[in-house]
Every structure is written in structure tokens, then in C-alpha cells.
Amino acid sequence: MSTKYKKFRSFLLPKEIVDLLFLSAYVSPLSNKESEIIIGLAVINDILSKSNQKRKHEDYPFHFNPMSSIYLQLKYGNNYKNYSHWLVMNNIIWGDNYHEGKATSYYLHTINAYVDFNTRLLKENEIKSQEIKEVIDTYCIRDNIEITLETHAVNGIEGNQKNGIHNNWYRIKVLITNTNSKFLTRDYEDDSTFINNSPTHIKKMGSYYKKNLKIDYDGAMKHSINRYNIELEQSRTEQEKVSAHKRYSSRISSINSLYNGSLNKSLRFNRNDTNKRLDTNLTNMASDLRKFILGFENMSYLDLSNSQPVLFNIILKSYLDTASDELKKEIRWYSEITLSGQWYECLQKLYSLSRNECKEIWMQIAYSENDHYLQVKKVFKAGFPEIYSLIEKIKQVNYEQFAIELQLIESKIFIDEICRELVNQNIIPYTMHDGLLVPIEHEQKTLDIMSIILNSHLGAVPKIKVENFKS
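So, here's what we can say about the structure. The model shown is predicted, which means the values in this text are computed figures rather than measured ones.

### Looking at the packing of aromatic side chains
All told, the structure shown has 24 aromatic pairs when counted by the stated rule. Taking the centre distance of 5.1 Å and the plane angle of 85° together, the rings of Phe312 and Phe402 count as edge-to-face. Of the two residues, Phe312 is situated in helix H13 (residues 307–317) and Phe402 in helix H19 (residues 401–424); the sequence distance between them amounts to 90 residues. Residues Phe312 and Phe402 agree in their burial class; the two are buried. On the numbers, 4.9 Å between centres and 70° between planes, the contact of Tyr334 with Trp343 is edge-to-face. Exposure class is identical for Tyr334 and Trp343. Each is buried. Three or more aromatic residues link up through ring pairs in this structure, and these residues are Phe312, Trp333, Tyr334, Trp343, Trp362, Tyr367, Phe380, Phe384, Tyr388 and Phe402. Above the ring of Phe8, the side-chain terminus of Lys173 is found at 4.8 Å from the ring centroid. Directly above the aromatic system of Tyr188 lies the positively charged group of Lys210, at a separation of 3.8 Å from the ring centroid.

Laid out in C-alpha cells, this is it:
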């Protein structure tokens, strides 16, 4: 008699959050106990893993993820409101109840807050801390969950509340059933459907990605933990410690999503409906983790320097026919600076700030509402009055449209043109929006293709940065 093969969904989540989830279910259970623990684990993982895709918020202390009611209902069923309400009421997550028809963003608290919540819950219900394991074991038996504790310590340093090092994580395996598969594997299955129905070059890229992408788990984890300890030592305030933990947990989450990603149903490969970018585990992974991709030492990374400012030239070109002499002159000057890869150096002279600070300033100018960061924009307007007025005009109705237009241009050039040509030449790239990771033997061919296609859009070859392990 054959035994049906069992499939599991794997999570790696901070111990303090999971403890609170199980304790809350124990002391204030839902009337409908269908899957509150498993749904809770899935929601926590969604927030933690999808938050690290929003790198512009890396220093923001909270992990968060916008979740529309349509998404929640499709994924978690008609009882999604009861589950989300229960998670909020028990401090496992919190929501901002965003208005204006936008999705509510659900957040994780800071890790120290979870320590406090657990302490209070144990005290109020006269539960001893060692009894948490018994509570968890009870639910694990009920819901076919396996939990093992992983402590990520370096140089003998143990995590504890006093030194602020929280490095205890649960590796959790949940048995996939007909009841829970819709929210444990939905994203992965949707991605598989997307790949199968995509144009040939994207289909090949997606299949290659799922089959070949792997990470040196131990090396990446050690690097992330060492970095966390260093950042904690350098932290001068509690807020800096909180931000350090957020960056650390983002790295741990992204590493785990690549570790046995196909088996764990955590690999992502899909195209964003709004900006048409390919969103994968790699696209927003911290750049210092790339070196742990297996085979990275034999790969080259090619990316467009100053990519968004450079691609803005394509929008500017569309205004040349009707532009004033002043605007034409400014566009030519802007084009010369950006195509040579000197845009942020130009801003450094304008603001007398560091290069990284000027990158942040460009984000504020280009991607914020017109009435925000007025002092910053005043300086830019003095240097580029005509171009600044044009940016303001584009953002007048919907300030996000400027960023979306640039991203649409980027995705069209990189995904629909460069990647298509690469695949036609039997070169399968890993994509990072405006950058490509290819086998080192295809470095020159990739550079040639990028140069030809970018030149066709910009009228010149912009600066393309090439990096490899051997350079």
C-alpha cells in the first residue's frame, strides 16, 4: 500500500512573536479554531518577508505589508476579518486602517514590545515561562506543526533582554492540507501560473530561477549575525538598536526564503501589475548578501549607474520638440551629467553633502508629494529650475506617477528588450530591476547588448557598472 507524500510549508520566525501568538490562542481562543495558529504564522511571515522588499523603508523600525481586503479574503477566506481582528487585539500585529480607499498596512511591533507583551501575558494568567513549550506542543499536535529552536549566536554571545540581542528563532514546518493550502502555497502557485503563461524569454528565466537559485545558508547567516552584533555595538540610542534588529531580521527572512525555496514554497517570481517589474527574492535582497548566492564567484553583475535619473532622460526627450530654449539647454546639460554617471556627484556640489545623502535627496525630490521637503526642493530648483518645474507638473495629479513612469520605462527596457535578447543568445540572467547577474563568461556579450539597447533609447551609451568576484 502506497503512502501519500506529505508536503510542508516552512517558516523561520522570531521566537518572541511566535510565543505571543501561541500564548494568546491559549488564553483567549477564537470561537472558530479552524486554523488561527497557522493563519497567524502565515500573516506574520507575510509581513516579515514582504517587508524586506520595501528597501526604501529599511531604517523604519517596523516591518509592515499593505494588505487589501480582497487579498485577505482570497487568501484566508471569509473569516479573514475575525482573524485579523484577533491578531490585532492580541498585539501580534497592528494596522493603520488607511483611508482614501487604500489597503490597510499591517505591522509587526518592535521585538522589545513582544518581550513586554509576553511578560505581561504570563503574569496576568499565572503561567510560568517554561510552560510556553507545553502550550506550543499542544497546538503543534493539533495542527501538524513541527517547531525547532534556532539560536543565532556569534562568538559565544547569547541573546537576552539586557544586552538587546534577540537572536532566537523558530524553524516551523506546517503540514499542507486541503484546508490550509490556499494561504500556505497560494503565492507560490500563482507565480508558477504566471511563469507558465509568460512570453518565452520570461518563462525560461522563471524556470531557470526556480531550478538553480540557491544560497550559502550558513555563510549568509553568519554574515548577517556578525553585522547585527556590530550594529548593536555601534548603536547610541534605543531607536538605533530597534532599526538594527529590523535590518537583521530582514536579512534572516530573505536568506530563509532562498534556502530550499522551491521545497518551502517561498521562492517568488512574478511581474508587478503596476510598474511591470519582475519581483523576486533577489530584487530587494540586501546587496551585501549577493555574494552568498551559490556560484556568485563565477558571475558578473552589470547595472545601470544612476539608473532612475538616467532613464528620466527618455521622458525629457519627449518634451524637446515643444521645449523653450532654457529647457532644451537644461535637458542637454542634465543628459550629459547623468549619462556619464556623475549625477550624485553633481548633487553633492549643489548640497555640500555626502553621496549617500544626495541619493536620499533625489528620492525626496522625485518621489514625494510636491508640498513635501520644500527646503530640499528649493535648492534643487535653484540649480535645475526648468526640470524641477517639469517634475512638479508630472506629479501634480498623482505624485506617485513619476516613479511609476520611470519604473515602467526601466522594466520595458530591461525585461522586455535586454532580457529577451539575452535569452535569445542563450544567456539566462537573474534580474535586480536595473541590474543583471550573469555567468562571467557572458559578461562582455551582456554588456554589448545592454549598451546597444540603452543607446537606442537614450541616444548615447550610459555608464554601466560591471562587478565580478575576480575584479
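### A short note on the state of the cysteines
What makes a disulfide is a covalent bond joining the sulfur atoms belonging to two cysteines. Per the stated rule, a full pass over the model turns up zero disulfides. Cys346 forms no disulfide, and the closest cysteine sulfur to it belongs to Cys358, at a distance of 9.1 Å.

### Section: the sheet that holds strand E9 (residues 299–304)
The pairing of strands in a sheet happens through backbone hydrogen bonds and is either parallel or antiparallel. With antiparallel pairing, four strands are arranged side by side in an open sheet as E10-E11-E9-E12. Only two strands of the sheet have a single neighbouring strand rather than two, namely strand E10 (430–431) and strand E12 (464–468). Pairing of E9 with strand E11 (residues 435–439), which is carried by five bridges, proceeds in the antiparallel orientation. Counterpart to Ser300 in the pairing with E11 is Val438. Together, E9, E11 and E12 form the strand contacts of helix H20 (residues 443–458), whose direction differs from that of E12 by roughly 165°.

### Brief notes about the sheet that holds strand E6 (residues 168–175)
With antiparallel pairing, the three strands of this open sheet are ordered in space as E1-E6-E5. On the outer flanks of this sheet lie strand E1 (8–14) and strand E5 (145–151), each paired with one strand and no other. Across the sheet, the mean angle separating the axes of adjacent strands is 20° when strand polarity is ignored. Here E5 pairs with E6 via seven bridges, running antiparallel. The residue of E6 that forms the bridge with Ile147 is Ile172. On top of the sheet, helix H1 (residues 15–27) reaches E1, E5 and E6; it is set at about 55° to E6, its chief contact. Sheet strands in contact with helix H6 (residues 132–143) are E5 and E6, and its direction is about 140° off that of E5.

Rules of the game
Residues numbered from 1 in each chain as written. Predicted model: local features only at pLDDT ≥ 70, side-chain atom pairs only at ≥ 80, totals over all residues. Heavy atoms only, no water. Phe/Tyr/Trp six-rings, centres within 6.5 Å; stacked < 30°, edge-to-face > 60°. Helix = DSSP H or I, 4+ residues; strand = E, 2+ residues; numbered from the N terminus. Buried < 20%, exposed > 50% of the residue type's maximum accessible area, 1.4 Å probe, protein only. Lys NZ or Arg CZ within 6 Å of the ring centre and 35° of its normal. Disulfide = S-S within 2.5 Å. Pairing = 2+ DSSP bridges. Contact = heavy atoms within 4.5 Å. Axes fitted to C-alpha atoms, helices over the stretch in contact; angles between N-to-C directions.

Note that all results are geometric; they support no functional claim without further evidence.
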